[in-house]
Amino acid sequence: MNWIILILAGLMEVGFTFCLGKTKTATGHELAWWWVGFLVALSLSMYLMAKAAERLPIGTVYPVWTGIGAVGAVIVGIVFFNEPATFWRIFFITTLILSIIGLKILG
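Remember, predicted model here, so these are calculated numbers, not experimental data.

Trainee: Can you help me understand the nonpolar core in this one?
Mentor: As a rule of thumb, soluble globular proteins bury nonpolar side chains together. With 13 residues, the main nonpolar core has Leu6, Ala52, Leu56, Val61 and Val64 as its most contacted residues. Of all the secondary-structure elements, those providing two or more residues to this core are α1 (2-22), α2 (28-53) and α3 (58-80).

Trainee: Where do I start with the side chain of Thr23 in this structure?
Mentor: Within the secondary structure layout, Thr23 lies in the loop between α1 and α2. Within the structure, Thr23 has its side chain in polar contact with the backbone oxygen of Leu20 (distance 2.5 Å). Apart from residues lying up to four places away in sequence, Thr23 is in contact with Leu31, Trp34 and Trp35.

Trainee: Could you clarify how one ought to interpret the pattern of salt bridges in this entry?
Mentor: In this structure the tally under the stated criterion is two salt bridges. With a closest N to O distance of 3.4 Å, Lys51 and Glu54 form a salt bridge. Classification of Glu54 as exposed rests on a relative accessible area of 53%. For Arg89, the salt bridge goes to Glu83, with nearest N and O atoms at 3.4 Å. Overall, the relative accessible area of 25% leaves Arg89 in the partly exposed class. For Glu83, a relative accessible area of 35% gives the class partly exposed.

Trainee: Please explain a nonpolar patch on the surface as it appears in this structure.
Mentor: Side chains of Met1, Ile4, Ile7, Leu8 and Leu11 sit close together on the surface and give an oily, nonpolar patch of about 510 Å² of accessible area. Note on placement: Met1 falls in the segment before α1. Since its relative accessible area comes to 71%, Met1 is described here as exposed.

The rules behind the values
Position labels on residues start from 1 in each chain and follow its written sequence. Only residues with pLDDT of 70 or above have their local features reported here, since the model is predicted, and side-chain atom pairs are shown and tallied only from 80 upward, although totals for entire chains, interfaces and linings are computed over all residues. Excluding hydrogens and water, the side-chain figures rest on all heavy atoms present in the structure. We define the nonpolar core as a collection of buried residues of types Ala, Val, Leu, Ile, Met, Phe, Trp, Tyr and Cys that are connected through side-chain atoms lying within 4.5 Å of one another. Any residue under 20% of the maximum accessible area for its type is buried, any over 50% is exposed, and the rest in between are partly exposed; the area is computed with a 1.4 Å probe on protein chains only. Counting from the N terminus, the helices are the DSSP runs of H or I reaching at least four residues and the strands are the DSSP runs of E reaching at least two. A 3.5 Å cut-off defines polar contacts: any pair of N or O atoms within that distance qualifies, except that in protein one atom must be a possible hydrogen donor and the other a possible acceptor, and neighbouring residues in sequence count only when both atoms are side-chain atoms. Residue contacts are counted whenever heavy atoms from the two residues lie within 4.5 Å of one another. Salt bridges are identified by distance alone: a Lys or Arg side-chain nitrogen within 4 Å of an Asp or Glu carboxyl oxygen. Like charges are joined within 9 Å and nonpolar side chains (Val, Leu, Ile, Met, Phe, Trp, Tyr) within 5 Å, but only among residues with over 30% relative accessible area and no salt bridge; these make up the patches. Using the Shrake-Rupley algorithm and a 1.4 Å probe, accessible areas are obtained, with residue cover drawn only from the displayed protein chains.

The following block contains the structure:
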């Protein structure tokens, strides 16, 4: 269950980076809603990460949380914000995913 909470925390981190990206082009009320989404996702992410850290080692929790966020942010950037999907970006994201899996196996 703690790993599920940690994964949800990482997905909330992806959510707040997506909302942050949307604030770059939004205006008016739409901008305000993206900022609300950012703050809600940020708060949930921090809360869930803290809950996961109650039972899992912080040396595992923090890298997995940031890794999910980093991988997710790159994927969101490619899919939603037309960022380049170069060989090296995909290569290093893959190594990051493998490192997260390694932490799970060892943790």
